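Residue-level structural notes
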Amino acid sequence: MRADGIREQIAALTQQLGEAERELERLRIGRAVVAEVLAEQDTTMESAAGPSAVPVVQAASRWAMVPVFAPNADPAEALAGLPQPYRDVLEAIDDAGEPLRSVDLCRSLGLGVQARVTEAMRGKLNRLVERGWCVSGEPGR
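This report concerns the structure included in the present document. In this text the structure is predicted, and so the values were computed from the model without any measurement. (Residues numbered from 1 in each chain as written. Predicted model: local features only at pLDDT ≥ 70, side-chain atom pairs only at ≥ 80, totals over all residues. Heavy atoms only, no water.)

**Overview of a nonpolar patch on the surface**
Together, Ile29, Val33 and Val37 line one region of the surface with nonpolar side chains, adding up to about 250 Å² of accessible area. Summarising the element assignment, Val33 is placed in helix α1 (residues 2-49). Accessibility expressed as a relative area gives 43% for Val33, which makes it partly exposed. (Patch = residues over 30% accessible without salt bridge, like charges linked within 9 Å, V, L, I, M, F, W, Y side chains within 5 Å. Areas by Shrake-Rupley, 256 points an atom, 1.4 Å probe, with all protein chains shown as cover. Salt bridge = Lys/Arg side-chain N within 4 Å of Asp/Glu carboxyl O. Helix = DSSP H or I, 4+ residues; strand = E, 2+ residues; numbered from the N terminus. Buried < 20%, exposed > 50% of the residue type's maximum accessible area, 1.4 Å probe, protein only.)

Now the structure itself:
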């Protein structure tokens, strides 16, 4: 009796394992296709952008921003493509004229200095640095 139950469990688990392996293979193939497309897109953008390209940020979805290089784009237009909180951060950095810590930036924007607020600001600053909108100097600034 007990052996029959275990055999049934083994059969069910074997079927689930097969389904999971098929799904994993599908994901591997999808990842390879995405990597190829992105590699082709990068080379196409680099060759089309030329030396005077300006990064333009376009919304890929509600939560993700993807920088796209547009040849000879107007920096003001590129800046207008950023969400308002990011524009506010860049303006505050520009007004300060010196490196700022995230807590100082939060103070200057009137956001408060709670840990959750400064950590969120640190994330925004890291994204701006990754996308080439500002430069990170010494650690912490």
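Resuming the write-up.
**Some thoughts on the pattern of salt bridges**
For the structure on display, the rule yields 6 salt bridges. Between Arg7 and Asp4 there is a salt bridge, with the nearest N and O atoms lying 3.3 Å from each other. Of this pair, Arg7 and Asp4 both sit in helix α1, 3 residues apart, which is roughly one turn of the helix. In this structure Asp4 comes out as partly exposed when scored by relative accessible area, which is 43%.

**A look at a negative patch on the surface**
On the surface, a cluster of negative charge is made up of Asp88, Glu91, Asp94 and Asp95. Position of Asp94 relative to the elements: it lies in helix α3 (residues 84-96). Residue classification places Asp94 among the exposed residues on the basis of a relative accessible area of 63%. (Lys, Arg positive; Asp, Glu negative; His and termini not counted. Charge placed at Lys NZ, Arg CZ, Asp CG, Glu CD.)

**Topic: the nonpolar core**
Core analysis: the biggest nonpolar cluster contains 14 residues, and Val89, Leu90, Leu105, Met121 and Leu128 have the highest contact counts within it. Taken together, the elements giving at least two residues each to this core come down to α3, α4 (102-109) and α5 (115-130). Sequence-distant contacts of Val89, that is, excluding residues within four places in its chain, are made with Leu105, Leu109, Met121, Lys124, Leu125 and Leu128. (Core = buried A, V, L, I, M, F, W, Y, C linked by side-chain atoms within 4.5 Å. Contact = heavy atoms within 4.5 Å.)

**Describing the environment of Thr118**
As for its position among the elements, Thr118 is in helix α5. For the pair Thr118 and Cys106, spaced 12 residues apart in the sequence, the C-alpha separation amounts to 6.5 Å. Ignoring any residue separated from it by four or fewer positions in sequence, one finds Thr118 in contact with Ser102, Val103, Cys106 and Val113.

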